Amino acid sequence: MRTESKLSVYESIVERIKREISLGILTEGERLPSCRELALEMGVNPNTVQRAYSTLEEQGIIYTIPKKGVYVNSGKTSNILCEAKNQIKLLKELGVTKEQLKQIIDNVFEEDENND
């Protein structure tokens, strides 16, 4: 891993994975190395890789299946989830409570079930 970069190590890992996805090196549904595997490969602490993976997961770029691994998310799904998260943050800032959001979500799903 290059250390002359202005990015921290975990940010460099995030950018590397994003770049590999955009170039098609990593594709939708592809399994990424475990934190431990990637840390060994890159010569960094596993906690650093975990932080990078957490950041990527928050951005909707990857997802974790417990005890199965970490996978590349589809671009369409990640964009939608990222936008939903941003909208929820905005609603929270405007004073909407968690309970109100849950009620809205429940209502949407109930409407869909009633229309089926």
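What counts, and where the lines are drawn
- Residues numbered from 1 in each chain as written.
- Predicted model: local features only at pLDDT ≥ 70, side-chain atom pairs only at ≥ 80, totals over all residues.
- Heavy atoms only, no water.
- Core = buried A, V, L, I, M, F, W, Y, C linked by side-chain atoms within 4.5 Å.
- Buried < 20%, exposed > 50% of the residue type's maximum accessible area, 1.4 Å probe, protein only.
- Helix = DSSP H or I, 4+ residues; strand = E, 2+ residues; numbered from the N terminus.
- Contact = heavy atoms within 4.5 Å.
- Pairing = 2+ DSSP bridges.
- Axes fitted to C-alpha atoms, helices over the stretch in contact; angles between N-to-C directions.
- pLDDT = per-residue confidence, 0-100.
- Salt bridge = Lys/Arg side-chain N within 4 Å of Asp/Glu carboxyl O.

Visitor: When you look at the nonpolar core in this model, what are you seeing that I'm missing?
Guide: Side chains that are nonpolar tend, in soluble globular proteins, to be buried together. Core analysis: the largest hydrophobic core is formed by 19 residues, its most contacted members being I13, L32, V49, Y53, L56 and I62. Looking at this core, the elements that each hand over two or more residues are helix 1 (9–22), helix 2 (35–42), helix 3 (46–58) and strand 3 (69–72). Those residues in contact with L32 that lie beyond four places of it in its chain are L26, Y53, I62, V70 and V72.

Visitor: Would you mind going over the sheet that holds strand 2 (residues 62–65) with me for this structure?
Guide: Hydrogen bonds between backbone atoms are what pair the strands of a sheet, whose relative direction is either parallel or antiparallel. Spatially, 1-3-2 is the arrangement adopted by the three strands of the open sheet, whose pairing is antiparallel. Bordering the open sheet on either side are strand 1 (31–32) and strand 2, each of which pairs with just one other strand. Across two bridges, strand 1 lies against strand 3 in antiparallel orientation. Considered in strand 3, the bridge of L32 is made with V70. Against the sheet, helix 3 engages strand 1, strand 2 and strand 3, with an angle of about 110° to strand 2.

Visitor: How should I be thinking about the confidence of the model for the protein chain in this particular structure?
Guide: Low-pLDDT stretches of the model should not have their predicted coordinates read in fine detail. For the protein chain, mean pLDDT is 86; residues scoring 70 or higher make up 88% of the total. Per-element averaging of pLDDT across the protein chain places helix 4 (residues 75–93) at the bottom with 77 and strand 1 at the top with 96.

Visitor: Even after reading the chapter, I still don't get the pattern of salt bridges, so can you show me in this structure?
Guide: Where charged atoms from two side chains of opposite charge approach closely, those side chains can pair. Inspection of every chain in the model, using the stated rule, returns three salt bridges. Between R16 and E20 there is a salt bridge, and its shortest N-O distance comes to 3.1 Å. One end of the pair, R16, and the other, E20, are both in helix 1, four residues apart, so they sit about a helical turn from each other. Since its relative accessible area comes to 24%, R16 is described here as partly exposed. Among the salt bridges present, the one from R16 reaches E41, with a minimum N-O distance of 3.1 Å. With R16 in helix 1 and E41 in helix 2, the pair connects residues that are 25 residues apart, well separated along the chain. Overall, the relative accessible area of 54% leaves E41 in the exposed class. Beyond isolated ion pairs, a larger network of salt bridges with shared partners links R16, E20 and E41.

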